[in-house]
Amino acid sequence: MNEIIKMSATTLAEKIKNKDLTSVEVTQAFINRAKEVDPKIKAYISITEEYALKQAKESDKKIASGKEIGQLEGVPIAIKDNILIENIKMTASSKILENYVAPYDATVIEKLKSSGAVFIGKTNLDEFAMGSSTENSAFFTTRNPWNTEHIPGGSSGGSASAVSAMTAPLALGTDTGGSIRQPASCCGIVGVKPTYGRVSRFGAVAFASSLDQIGPMSKTVEDSALLLNVIAGYDKKDSTSIDVAVPNYLDTIKQDIKGLKIGLPKEYFIDGLDSDVKKSINEAIEIYKKLGAEIIEISLPHTDYAVAIYYIICCSEASANLARYDGVRYGFRAECDNLLDEYQKSRGQGFGPEVKRRIMLGTYALSAGYYDAYYGKAQKVRTLIKQDFENAFKTVDLILTPSSPTPAFKIGEKSSDPLQMYLSDIFTISCNLAAIPGMSIPCGFSQKGIPIGMQLLAKNFDEQTMFKSAYSYQQSTNWHKQFPNI
Ligand code: GLN
């Protein structure tokens, strides 16, 4: 196996900068790897080989000429296929956007371009990022590189599977209710949902606008910190982005965590928790104690309501956001005789079953007679959940939980039961509702050899505490040095 594909993005950036490797060599190594293993895992919707090699050549030229280079100069990255790259197809894994070509760059893509990153391909997702397994993709299901009978998680399952299978050293995902952290956990990699407002969503397909964030996925904690350095920051094109200075996340990552107060919410250590997950989390807690952290039991009393209110809020916002796909402005247009017919048939044929279910649920929750009882009430409970975290962070610096109640399940196991599927997100959803940052890092394997992830949650805009705690743990373990045998 080519050694390049096992290297971290930080190492690759260093080696490319020092001319130990060329970007073309690196990019080609990942493309070759993708050609070899992607048919088995189907992480990519498209591999943008020509585009990537052209960018790689430009990076090499820039380095050779001694010009100033970016933080990710020449380093390949996979992009979830709900983020726009100018002149490249962007499907959101939906038939309704199957032939849509992006007319402009998302802000994160502009930032990545100026950092010198190389776009290696677009990754599969659940249609419009609605799901936890990639089984809702209109095209195909992505597989978990650790065991191809299992899901890679979702909705950023393509990005997680690509990084885990070493077909890309980095990826971008989006996270509305766990879509970066849950697949990261399923595939044994690192995934970060930044604070709401930290990263611009301009040019990402809107699902639930009060929850959506774009974030990094990588093999190591440093790589995610590096990627967040590049994509974070205020953007006037996204009115929800917040003008708070972006620190260099790598500067503080090696600080020790002696005396750090870590909270364990008692509501997250419930009876239904898988025994392998419980064991790995307990071992991680012991490691944190050895690193000098103080472990404190806390309570997030409104946790029980999180899944229910998340699904009211995300479906309501999705029903409004997805109104734009009408067969007129962009995307798929059905054959029809009149305008009403055109709307109905284009949407009827263009959207898959999960998307339709959510549009219907959301439209109902927002309808005049029910608005107060559903959407209005859900917003009030959301405030209570946010207050739970504010109270908890008065006594602790960080919160530790499992990322998911079970390791990645088998493909098909939950696809006919939406409620069971929705419960996969039970530990990740509150973070989006409260707008705080969260990440998942690998912390073990199940008896069957499927990865297990641990979630760390921090205060608003305190990604630094999260990164240094994740890094300390990573340096005391070997999980990030294990690769699937695919
Ligand atoms: N799995 C959750 C859902 O289906 C979260 C999705 C996401 O974060 N995009 O809504």
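In case you missed it, the structure is sitting above this.
Predicted, not measured: the structure shown is a model, and the values here were computed from it.

Novice: So what's going on with helix α2 (residues 23-41)? Residues and values would help.
Specialist: Since the α-helix packs 3.6 residues into each turn, any two residues three or four apart lie on the same face. In this model, α2 (19 residues) spans 25 Å end to end at C-alpha, consistent with the 27 Å of a helix rising 1.5 Å per residue. Residues of α2 that are buried: Ser-23, Val-26, Thr-27, Ala-29, Phe-30, Ile-31, Arg-33, Ala-34, Val-37, Asp-38 and Ile-41. Following α2 by one or two positions, Lys-42 has its phi on the positive side, about 55°.

Novice: Outline the layout of surface pockets, supporting the account with residue identities and numerical values.
Specialist: What the largest pocket holds in volume is close to 430 Å³. Contributing to the lining of the largest pocket are 27 residues, with Gly-203, Ala-204, Val-205, Ala-206 and Arg-324 lying nearest its centre. Across the lining of the largest pocket, the residue classes tally to 15 nonpolar, seven polar and five charged. By volume, the second largest pocket amounts to about 280 Å³. As for the second largest pocket, its lining consists of 24 residues, of which Glu-135, Asn-136, Gly-352, Pro-353 and Glu-354 are closest to the centre. Of all the secondary-structure elements, those providing two or more residues to the lining of the second largest pocket are α10 (339-350), α11 (353-366) and α13 (418-422). Of the residues forming the lining of the second largest pocket, the biggest block, five residues, is contributed by α11. Taken together, the residues that form the lining of the second largest pocket break down as eight nonpolar, eight polar and eight charged.

Novice: Could you give an account of the pattern of salt bridges, naming the residues involved and the relevant values?
Specialist: One pass over the structure, following the stated rule, counts 16 salt bridges. The partner of Glu-73 in a salt bridge is Lys-62, and the shortest N-O contact between them spans 3.2 Å. Of this pair, Glu-73 sits in the loop between α3 (49-64) and β2 (76-80) while Lys-62 sits in helix α3, placing them 11 residues apart in sequence. Judged by its relative accessible area of 25%, Lys-62 falls in the partly exposed class. With a shortest N-O distance of 3.4 Å, Lys-386 and Glu-390 are connected by a salt bridge. With Lys-386 and Glu-390 both in helix α12 (residues 372-395) and four residues apart, this pair spans about one turn of that helix. You can call Glu-390 partly exposed: its relative accessible area is 43%. Through salt bridges with shared partners, one network takes in Glu-354, Arg-357 and Arg-358.

Cut-offs used in this document
- Residues numbered from 1 in each chain as written.
- Predicted model: local features only at pLDDT ≥ 70, side-chain atom pairs only at ≥ 80, totals over all residues.
- Heavy atoms only, no water.
- Helix = DSSP H or I, 4+ residues; strand = E, 2+ residues; numbered from the N terminus.
- Expected span 1.5 Å × (residues − 1).
- Buried < 20%, exposed > 50% of the residue type's maximum accessible area, 1.4 Å probe, protein only.
- 1 Å grid on protein atoms, 1.4 Å probe; cavity = no way out; pocket = protein on both sides within 12 Å on 5 of 7 lines; lining within 4 Å.
- Points joined across faces, edges and corners; volume = space filled by probe spheres on them.
- Nonpolar A, V, L, I, M, F, W, Y, C, P; charged D, E, K, R; others polar.
- Salt bridge = Lys/Arg side-chain N within 4 Å of Asp/Glu carboxyl O.

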